[in-house]
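Here is what each chain is made of, one letter per residue.
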Amino acid sequence: TYGAKGIAISFVFGFLSLFGAIFFAVLTADDLNEQPDWHVLNVDRISQEVAAGQVVFVDVTAKWCITCKANEVGVLLQNPVYTALQANDVVLMQGDWTVPNEAVTSYLKSHNRYGVPFNIVYGPSAPHGIELPVILTNQAIMNALEQAR
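The sections below set out a description of the structure shown in this document.

Overview of the nonpolar core
One broad trend across soluble globular proteins is that nonpolar side chains are buried collectively. Counting residues in hydrophobic clusters, the biggest one holds 20 residues, and the most contacted among them are Phe57, Leu76, Leu85, Val121, Leu132, Ile141 and Leu145. Secondary-structure elements contributing two or more residues to this core are strand E2 (55-61), helix H3 (66-76), helix H4 (81-85), strand E3 (90-96), strand E5 (126-131) and helix H6 (138-148). Examining the composition of this core, we find that 5 residues originate from one element, H6, more than from any other. Other than its neighbours up to four places away in sequence, Leu85 contacts Phe57, Leu76, Val90, Leu92 and Leu145. Of all hydrophobic cores here, the second largest spans 19 residues; its members include Val56, Val60, Leu108 and Phe118.

Details of the state of the cysteines
In the structure shown here, the tally under the stated rule is 1 disulfide. At a sulfur-sulfur separation of 2.4 Å, the disulfide partner of Cys65 is Cys68. One disulfide, between Cys65 and Cys68, carries an S-S torsion of 80° and so falls in the right-handed class. As far as the burial class goes, Cys65 and Cys68 line up, both buried.

What about the sheet that holds E2?
Strand order across the open sheet formed by 5 strands is E1-E3-E2-E4-E5, with mixed pairing between neighbours. In the strand order of this sheet, the two ends are held by strand E1 (39-40) and E5, each with one partner. Of the strands in this sheet, E2, strand E4 (118-123) and E5 are in contact with H6, which crosses E4 at around 30°.

Considering the pattern of salt bridges
As enumerated under the stated definition, the model contains 5 salt bridges in all. Between Arg45 and Glu49 there is a salt bridge, with the nearest N and O atoms lying 2.9 Å from each other. Of this pair, Arg45 and Glu49 both sit in helix H2 (residues 43-51), 4 residues apart, roughly one helical turn. You can call Arg45 partly exposed: its relative accessible area is 25%. Here Glu146 and Arg149 are joined by a salt bridge, their closest N and O atoms 4.0 Å apart. What makes Arg149 partly exposed here is its relative accessible area of 35%. Connected via shared salt-bridge partners are Asp89, Glu146 and Arg149.

Brief notes about H2
Within H2, burial applies to Ile46, Glu49 and Val50. Down the axis of H2, the smallest arc covering the buried residues is 100°, so these residues share one side. Turned more than 90 degrees from where H2 packs its buried face, Asp44, Gln48 and Ala51 sit exposed. Lining the buried residues of H2 we find E2, E3, helix H5 (102-110), E4 and E5.

Some points on the side chain of Glu49
Among the residues examined, Glu49 registers a relative accessible area of 16% and is labelled buried. If we skip the residues at most four places from it in the chain, Glu49 touches Gln54, Val56 and Val91.

About the criteria used
In this convention, every chain numbers its residues from 1, walking through the sequence in written order. Where local features are concerned, this predicted model is filtered to residues with pLDDT of at least 70; where side-chain atom pairs are given and counted, the filter is 80 or more; whole-chain, interface and lining totals use all residues. With hydrogens and water stripped out, all remaining heavy atoms of the structure feed into the side-chain values. Buried Ala, Val, Leu, Ile, Met, Phe, Trp, Tyr and Cys residues form a nonpolar core when they are joined through side-chain atoms within 4.5 Å. Working definition: with a 1.4 Å probe on protein chains only, accessible area under 20% of the residue-type maximum means buried, over 50% means exposed, and in between means partly exposed. Numbered from the N terminus, helices here are DSSP runs of H or I no shorter than four residues, and strands are runs of E no shorter than two. Note on contacts: a residue pair qualifies if any of its non-hydrogen atoms lie within 4.5 Å across the two residues. The rule for a disulfide is simple: a pair of cysteine sulfur atoms within 2.5 Å. A pair of strands counts as paired when DSSP detects no fewer than two bridges linking them. Each axis is a line fitted through C-alpha atoms, taken for helices only over the stretch in contact, and angles between the N-to-C directions span 0 to 180 degrees. When a carboxyl oxygen of Asp or Glu lies within 4 Å of a side-chain nitrogen of Lys or Arg, that pair is called a salt bridge. The directions considered for the arc run from the helix axis to the C-beta atoms.

So yeah, pure geometry; function would need other evidence.
This is the structure in structure tokens:
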């Protein structure tokens, strides 16, 4: 009942709020850690690593994805998550969907996802993975890493 104009105004305010939150996160972020060494997403390797007792953290992202950047700057490159992801039993895999490709698209579809960001943690206690929320938090990642072990 608000009409197209009302919907457009709501969309603009929503977008500006999201942009403002990301901008604030970037400005207030502590000194960022360096990018970790990501392995290219490899579905077959996930099961191999889990069978070997490793935890696998998967990050499907894109350079144009604002929420992905907020997750990266606000959570993934910050402690305690950054330190936890550097543990010897954690393998980091990243799927780059900046330019959609069949391998990453197929992986997303296998999890009933059709966009980014998408993060999931696999491990000996979670061979099918623990899907994380779209907007990451320290607690969600730390809990998933512990549960996957």
